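In case you want the letters, here they are:
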Amino acid sequence: MTAAPAPSAPMPHVMNTYGRLPVALSHGRGCRVWDTEGREYLDALAGIAVNTLGHAHPKLVPALQDQIGKLIHSCNYYQVPLQEQLAAKLCEISGLDSVFFCNSGLEANEAALKIARKFGHDKGIERPEIIVYERAFHGRSIATLSATGNPKVQAGFGPLVEGFVRVPLNDLAAVEEAARTNPNVVAVFLETIQGEGGINPARSEYLQGLRRICDERDWLLMLDEVQCGLGRTGQWFAHQWAGIRPDVMPLAKGLGSGVPIGAVVAGPRAAKVLGPGNHGTTFGGNPLAMRAGVETLRIMEEDGLLANAHAMGELLRAELQRALAGTAGVVEFRGQGLMLGIELDRPCGVLIARAAQEAGLLISVTADRVIRLLPPLVVTADEVREIVARLVPLVQAFLAEA
């Protein structure tokens, strides 16, 4: 498998901030999309865990058309009833108390960081600190970039924001040591399953230990569920497998099935930290985004998509493990539900993603050597087997060449 030549830039007036594949998508239906040349692809990426309901869902499309014909935007000077409707549902399924709406995962994480700092200041801590993680990814603003644990994406953007204490994942002793040596810690902030860092799950016993430590020390437990939440693991939120509740939970990606939306859901310890004037947004909570969220959650319940995500995730993992059993160069299968990673023993980057695209399969590679699979939650058993049939030969060919 040799590197394909880089295509000439098809969009010369767009900033070159992405390593794009030479394909432009035109339309989709379910788990399939077509490009502008008429070629068909099986979507095993879902816009990076965004297209929860796949493409052109027959229940979602008319609902959004109806909303567009009524009201797209209303600023937050006024009440937006759909905000309360979506917030009430998010509180119901999370067991938490209140919601702030924004536009993206980055904005949700920024709001979480502000909540943590205000929480510390309200306790009289002048320079509050937050425990964050190696290999974490929380966004590309200066604050979320500072919380991120990837020197490659931080390079060139210093000085970073202070106030973060970094520890390895799944090591409670490291958290206890950070608490001993950093008396200004007010919160722990982590992804329940690290996405960009390589599909690295926080173990259930680790999350339970963090919940205990945060309760003992009056810290906020803040769980970034931007990529792993909203049914992707087979529960509404990935932390629910551990039987705990966070104090702050940023959400985004799959909440609007493609319509930009972010949210921060807060429990009793954090729900009243922010007041009027402490935070805000122009577009966040607009009626179109709220309708997308309301309808997405309704359809997920009606169509049993949590159970489908769990079952199809188990099938996908089992089929991949069977097909790649004994393949030299396959290190580990990680993740849960329809958030799975296949770690290889060498970087595969654009080679695997480009080869998959040429084979009619949309995937991504994260952390240089982890093939990431995030199909829509509507994926069927036949489509799961088709993903495996298209992907496995590519992986085997790549590993055989090295």
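Anything mentioned here points back to the structure above.
Only a predicted model underlies this, so the values are computations on that prediction, with no experimental measurement involved.

Draft legend 1. Region of the structure containing the packing of aromatic side chains. Overall, the coordinates contain two aromatic pairs when judged by the stated rule. Taking 6.4 Å as the distance between ring centres and 85° as the angle between the ring planes, the aromatic pair formed by Tyr133 and Tyr206 counts as edge-to-face. With Tyr133 in strand β5 (residues 129-133) and Tyr206 in helix α8 (residues 204-217), this residue pair connects regions lying 73 residues apart in the sequence. Neither Tyr133 nor Tyr206 differs from the other in exposure class; each is buried.

Draft legend 2. Structural view of the packing of helix α7 (residues 172-181) against α8. The interhelical angle for the contact between α7 and α8, taken along N-to-C directions, is 20°, at an axis separation of 10 Å. The pairing of α7 with α8 is recorded here as roughly parallel in orientation. Considering the relative orientation of α7 and α8, their crossing is right-handed. Counted together, Leu172, Val175, Glu176 and Ala179 of α7 and Glu205, Tyr206, Gly209, Leu210, Arg212, Ile213 and Arg217 of α8 form the full contact between these two elements. The class makeup of the residues in the contact of α7 with α8 is six nonpolar, one polar and four charged.

Draft legend 3. Local environment of a nonpolar patch on the surface. Together, Ile142, Phe157 and Leu160 make up an exposed nonpolar region whose accessible area comes to about 270 Å². Locating Phe157 in the fold gives a position in the loop between α6 (151-154) and β6 (164-167).

Draft legend 4. A look at the pattern of salt bridges. Under the criterion given, the structure shown has 32 salt bridges. Across the salt bridge formed by Arg39 and Asp35, the nearest N and O atoms sit 2.7 Å from each other. The class for Arg39 is partly exposed, based on a relative accessible area of 43%. Take Asp35: its relative accessible area is 3%, and that puts it in the buried class.

Draft legend 5. Seen up close, the side chain of Gln67. Take Gln67: it is sitting in helix α2 (residues 60-68). Here the side chain of Gln67 touches Leu71 through a polar contact of 2.8 Å, landing on its backbone oxygen.

Draft legend 6. Spotlight on the side chain of Arg334. Looking at the secondary structure, you find Arg334 in strand β13 (residues 330-336). A polar side-chain atom of Arg334 sits 3.3 Å from a polar atom in the side chain of Asn200. Here Arg334 is in contact with Gly198, Ile199, Asn200, Pro201, Arg317, Met339, Leu340, Gly341, Glu343 and Val370, once residues within four sequence places are set aside.

About the cut-offs
- Residues numbered from 1 in each chain as written.
- Predicted model: local features only at pLDDT ≥ 70, side-chain atom pairs only at ≥ 80, totals over all residues.
- Heavy atoms only, no water.
- Phe/Tyr/Trp six-rings, centres within 6.5 Å; stacked < 30°, edge-to-face > 60°.
- Helix = DSSP H or I, 4+ residues; strand = E, 2+ residues; numbered from the N terminus.
- Buried < 20%, exposed > 50% of the residue type's maximum accessible area, 1.4 Å probe, protein only.
- Axes fitted to C-alpha atoms, helices over the stretch in contact; angles between N-to-C directions.
- Parallel < 35°, antiparallel > 145°, perpendicular 65-115°, else oblique.
- Left-handed = near helix turned anticlockwise from the far one by under 90°.
- Contact = heavy atoms within 4.5 Å.
- Nonpolar A, V, L, I, M, F, W, Y, C, P; charged D, E, K, R; others polar.
- Patch = residues over 30% accessible without salt bridge, like charges linked within 9 Å, V, L, I, M, F, W, Y side chains within 5 Å.
- Areas by Shrake-Rupley, 256 points an atom, 1.4 Å probe, with all protein chains shown as cover.
- Salt bridge = Lys/Arg side-chain N within 4 Å of Asp/Glu carboxyl O.
- Polar contact = N/O pair within 3.5 Å; in protein donor to acceptor, adjacent residues only side chain to side chain.

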